[in-house]
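Here is how the chains run, residue by residue.
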Amino acid sequence: MTLNQQTGLTRPLKTLVKMLAVASVFATSFNVFAEPIEIKFSHVVAENTPKGQMALKFKELVEQRLPGEYKVSVFPNSQLFGDNNELAALLLNDVQFVAPSLSKFERYTKRLQVFDLPFLFNDMDAVNRFQQGEAGQTLLNSMTRKGIVGLGYLHNGLKQFSANTPLKNPADAKGLKFRVMASDVLAAQFDAVGAIPVKKPFSEVFTLLQTRAIDGQENTWSNTYSQKFYEVQSQITESNHGVLDYMVVTSDTFWKGLPADKRKIIKEALDESIALGNKIAAEKDNQDKQLILDSKRSQLVTLTPAERQKWVDVMKPVWAKFEEQIGKDVIEAAVAANK
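Cut-offs and rules
- Residues numbered from 1 in each chain as written.
- Predicted model: local features only at pLDDT ≥ 70, side-chain atom pairs only at ≥ 80, totals over all residues.
- Heavy atoms only, no water.
- Salt bridge = Lys/Arg side-chain N within 4 Å of Asp/Glu carboxyl O.
- Helix = DSSP H or I, 4+ residues; strand = E, 2+ residues; numbered from the N terminus.
- Pairing = 2+ DSSP bridges.
- Phe/Tyr/Trp six-rings, centres within 6.5 Å; stacked < 30°, edge-to-face > 60°.
- Buried < 20%, exposed > 50% of the residue type's maximum accessible area, 1.4 Å probe, protein only.
- Axes fitted to C-alpha atoms, helices over the stretch in contact; angles between N-to-C directions.
- Contact = heavy atoms within 4.5 Å.
- Right-handed = clockwise from strand over helix to strand, strands pointing away.
- Arc of directions from axis to C-beta.

(A) Molecular detail of the pattern of salt bridges. Applying the stated rule across the entire model yields 17 salt bridges. Residues participating in the shared-partner salt-bridge network are Glu 69, Asp 261 and Lys 262.

(B) Examining the environment of Ser 203 more closely. The topology assignment puts Ser 203 in the loop between β7 (196-199) and α7 (205-210). Sequence separation between Ser 203 and Gly 257 is 54 residues; the distance between their C-alpha atoms is 32 Å.

(C) Up close: the pairing of strand β6 (residues 177-180). Pairing geometry for β6 and β7, over four bridges, is parallel. Looking across to β7, one finds that Phe 178 is bridged to Pro 197. The pairing of β6 with strand β8 (residues 216-219) spans two bridges and is parallel. Paired with Phe 178 across the bridge in β8 is Gly 216.

(D) Quick look at the packing of aromatic side chains. Under the criterion given, the structure shown has 14 aromatic pairs. Between Phe 41 and Phe 58, the ring centres sit 6.0 Å apart and the planes meet at 70°, which makes this aromatic pair edge-to-face. Pair noted here: Phe 41 is in strand β1 (residues 37-42) and Phe 58 is in helix α2 (residues 50-65), with a separation of 17 residues, a long-range link. There is no split in this pair, since Phe 41 and Phe 58 are both buried.

(E) The sheet that holds strand β11 (residues 299-301), seen in detail. If you trace the six strands from one edge of the open sheet to the other, you get β7-β6-β8-β5-β9-β11, paired in mixed fashion. A single partner strand is all that each edge strand has here, and the edge strands are β7 and β11. In this sheet, neighbouring strand axes are inclined to one another by 30° on average, regardless of whether the strands run parallel or antiparallel. The strands that helix α6 (residues 184-191) touches are β5 (160-163), β6, β7 and β8; relative to β7, the one it contacts most, it runs at about 155°.

(F) The arrangement of the environment of Gly 157 in detail. Within the secondary structure, Gly 157 sits in strand β4 (residues 148-158). Separated by 125 residues in sequence, Gly 157 and Ala 282 have C-alpha atoms that sit 7.4 Å apart. Non-local contacts of Gly 157, meaning those with residues more than four positions away in its chain, are made with Met 124, Thr 220, Gly 242, Val 243, Leu 244 and Asp 245.

(G) Representation of the pairing of strand β2 (residues 70-75) within the structure. The sheet contact formed by β1 and β2 spans six bridges and is parallel. Bridge pairing in β2 links Lys 40 to Ser 73. Since β1 and β2 lie parallel, the crossover through α2 that links them has a hand, and here it is right-handed.

(H) Quick look at helix α13 (residues 328-336). For α13, every residue scored as buried is listed here: Val 330, Ile 331 and Ala 334. Viewed along the axis of α13, the buried residues span an arc of 95°, placing them on a single side of the element. On its buried side, α13 packs onto α4 (124-132), α5 (134-139) and α12 (317-326).

So, in structure tokens, the structure goes:
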């Protein structure tokens, strides 16, 4: 082969190498300047609540561990979607993470109604034992056929009754209108004491109370404080009659669409965030209760054991009414968690 022939072959090779080098530069530049994938996390409560703090921690951890690849946008206080339409938005991929109260899943599975049964759990330790046990973990997967993936439980706390009249005995609630979430169990709970349940979104509760469109509500200390319900309710009965917890969920389509390695990192970040949220929930329960009492806007109604038992006796028949829908095995597992 002559020198001219070798030169003729070398030139195309050099040109090809240059083209590949340029292509590599463009590819690298594209990756550097590509917009990170946005994960929208919508919720309906304030940022200073356990859920609000959990969502912000999740944002921090994801963006710290997947820098430039993913960003988390948090929308609190129903800024993006209210509690009546956030699950529909999730299934449409308008948001990727939501954390509704367990009551909100009634249309997707009846088994989660177990958490709405009145006077089922003795305390938050019992709630946690049930949720982390076999029955509770199975419930996380109870909506996969509907396209919803449960990723973890987030605590808020035990609920208290509030009104503008002292609620010491079940008869005191008769004829009063109480806001409830969209839950048939919670409606039946108030039916049992002769009260009138009114299903309304969380974002409307303060105005409904302020205008006396409703007489009372049930909520945790942190929600009652952060949403200022105590400013328009003169009496709060420390009943600890039910649990208000959340399930952090995403859509099956979004979750399975993530690369396996990224999904692992995101799940670990969420688990750590939920652990922080649950720690904050335990701390805020007593703190916010004291802040409400210090404000002197609401008076605490303390039930004697005998008075509380009257509420239990009137409301416990609600269990039997929903046993078939929930599953006797699920209810029995929840009761066993009290021991």
